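Here's the letter readout for the chains.
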Amino acid sequence: MDLDAFQALHEERWLRLKALSKRSRLSGAEADELARLYQTTASDLARVRSSAPDPALVSRLSVLLASARATLAGARPPIHREVARFLVLSMPAALYRLRWWTVAVMATFFVVSVATGLHYATHPDLMSSLGTFDERQQYAEEAFASYYSENPSTSFFAQVWTNNAWVAAMSVAGGFTGIFTVYVQFQNAVGVGTAGAIMNEFGYLREFFQLITPHGLLELTAVWVAGAAGLKIFWTMLVPGPRTRTRALAEEGRAMFGVVLGLVMVLLVSGLVEGYVTGSSLPWGVKIAIGITVLAGFWTLVLTLGRRAAAMGETGDVSADLREDVAPVSA
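Residue numbers restart at each chain and count upward from 1, following the sequence in its written direction. The model is predicted, so local features are restricted to residues of pLDDT at least 70 and side-chain atom pairs to those at 80 or more, both for listing and for counting; the totals for chains, interfaces and linings are taken over all residues. Hydrogens are left out, water is left out, and the side-chain values use all remaining heavy atoms of the structure.

(A) Main features of a nonpolar patch on the surface. The residues that make up patches have over 30% relative accessible area and no salt bridge, and they are joined within 9 Å when like-charged or within 5 Å when they are Val, Leu, Ile, Met, Phe, Trp or Tyr. The accessible surface values rely on the Shrake-Rupley method and a 1.4 Å probe; as for residues, cover is taken only from the protein chains in view. What counts as a salt bridge is simple: a side-chain nitrogen of Lys or Arg found within 4 Å of a carboxyl oxygen of Asp or Glu. A contiguous nonpolar surface patch, about 280 Å² in accessible area, is contributed by V83, L87, V88 and M265. Ranked by residue count, the leading element in the nonpolar patch is helix α4 (residues 79-97), at 3 residues. Take V83: it is sitting in helix α4. Here's how the labels work: a residue is buried when its accessible area is under 20% of the maximum for its type, exposed when over 50%, partly exposed in between, all with a 1.4 Å probe on protein chains only. Since its relative accessible area comes to 41%, V83 is described here as partly exposed. Note on conventions: DSSP H or I runs of at least 4 residues are helices, E runs of at least 2 residues are strands, and numbering of each starts at the N terminus.

In structure tokens:
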């Protein structure tokens, strides 16, 4: 057998088989074509092995057939494709769908935290419930600032990241009750308000905002997104729309789980800023600029990739081939 002539004769067919094998979805005609090409290429491999067993060509055709076989058998795409799909489509789409819920949670958070701070600041008798005068003074003058610098950056970052990621996950999971999500958001807002009141009492309000702004812009945004996701799940339970309640919860639950994974990465960034920037010796202007930059990066991802993914029909749910079969419902 003339191997060069044999390869030249069948090269186009092999390349077509390779191209079809790489596709994540095939039409009916393409699936039939892939099956035919698989059979003819298997025959080609058998002829090569029996007549001119060239190791390079045998290896090439064997790899090609293995890839085609995986496609025909419905094997899952490589993990890097799944990760890329999550980062570029699923997660941005889910975050984009939550944008107005997030804004609502953020606005409510600001109202509660500011109202709490003003209430305590204008009622000095209430300040004693936050600690003795000496305890509050020590908190304002030493403890609040030292929190960001008393531990090594790496261990502090790890502690902050895991704690915040856990709180975010619980806030989303608590959406099935509704109450827990509201409780977490309320407690966080009150905590920020009372801390600001104590810092203001001793003239450290400027330092308060300087210390929480670099990491807090992104960290609080992640907390608000988690709250929005939890409330979205709760609302879906109450108002499933044209879908059955079980189907609606399944779809939104999977999408919100993607939000949790996304928030883990967002909180990783805010944790890095809190661990390595907030307590560093960098000028405050640089620290705040870094905080604004990472926040802008988050919203750019949501409003660009998320908008595009949503326009493509993505909701943050898993790909169609991984979902359960459902019966059609009326609109």
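(B) Layout of the nonpolar core. Definition of nonpolar core: a set of buried residues of the types Ala, Val, Leu, Ile, Met, Phe, Trp, Tyr and Cys, connected through side-chain atoms within 4.5 Å. Residues M256 and V259 are the most contacted members of the largest nonpolar core, which totals 31 residues. Contacts between residues were defined by any pair of non-hydrogen atoms, one from each residue, lying within 4.5 Å. With residues up to four places along the chain from it excluded, the contact list for V259 reads A94, L95, L98, V225 and A229. Within the second largest apolar cluster, 17 residues are counted, among which are W14, Y38, L45 and A68.

(C) Region of interest: the packing of helix α5 (residues 99-121) against helix α10 (residues 205-238). Axis definition: a line fitted to C-alpha atoms, over the contacting stretch in the case of helices. Angles run 0 to 180 degrees between N-to-C directions. It is the contact of α5 with α10, at a shortest axis distance of 8 Å, that shows an interaxial angle of 115°. For the pair α5 and α10, the sense of crossing is right-handed. Along its contact with α5, which presents W101, T102, V105, M106, F109 and F110, the element α10 presents L220, W224, V225, G227, A228, L231, K232 and W235. Looking at the contact of α5 with α10, its residues break down into 11 nonpolar, 2 polar and 1 charged. Helix crossings get a hand from a simple test, with the near helix turned counterclockwise from the far one by less than a right angle marking a left-handed crossing and a clockwise turn marking a right-handed one. Any residue outside Ala, Val, Leu, Ile, Met, Phe, Trp, Tyr, Cys, Pro, Asp, Glu, Lys and Arg is labelled polar, Gly included; the first ten of those are nonpolar and the last four are charged.

(D) Representation of helix α12 (residues 284-311) in the model. With 28 residues, α12 should reach 40 Å at 1.5 Å per residue; the first-to-last C-alpha distance of 40 Å fits that figure. Within α12, the axis deviates most sharply at L305, by approximately 25°. The complete set of buried residues in α12 reads K287, G291, L295, F298, V302, G306 and A309. Of the residues one or two after α12, G313 is the one with positive phi, at around 95°. To estimate how far a helix should reach, multiply one less than its number of residues by 1.5 Å. We define the bend at each residue as the angle formed by axes fitted to the 7 residues ending at it and the 7 residues starting at it.

(E) Structural view of the packing of aromatic side chains. Note on aromatic pairs: the rings of Phe, Tyr and Trp (six-membered ring only in Trp) are paired at centre separations within 6.5 Å, and the planes decide the class, stacked below 30 degrees, edge-to-face beyond 60, tilted for the rest. A full pass over the atoms with the stated rule returns 8 aromatic pairs. Taking 5.2 Å as the distance between ring centres and 75° as the angle between the ring planes, the aromatic pair formed by F298 and W299 counts as edge-to-face. Among the residues examined, F298 registers a relative accessible area of 8% and is labelled buried. Residue W299 is classed as partly exposed on the basis of its relative accessible area of 23%. An aromatic cluster is defined as three or more aromatic residues linked by ring pairs; in this entry it consists of Y139, F144, F208 and F209. Look at NZ for Lys and CZ for Arg. If either is within 6 Å of the ring centre and within 35 degrees of the ring normal, a charge sits over the ring. When the ring centre of Y96 is taken as reference, the NZ or CZ atom of R99 above it lies at 3.9 Å. One residue, K287, lies across the ring of W284, its end atom 3.7 Å from the ring centre.

(F) Spatial organisation of the confidence of the model for the chain. The predictor reports its confidence for every residue as pLDDT, a score running from 0 up to 100. Residues of the chain with pLDDT of at least 70 account for 92%, and the chain-wide mean is 86. Mean pLDDT in the chain bottoms out at helix α8 (residues 153-173), which sits at 78, and peaks at α5, which reaches 96.

(G) Representation of the environment of L249 in the model. Inspection of the secondary structure assignment puts L249 in helix α11 (residues 245-278). With 67 residues separating them in the primary sequence, L249 and V182 have C-alpha atoms 19 Å apart. Excluding residues within four positions of it along the chain, L249 makes contact with F176, I233, T236 and M237.

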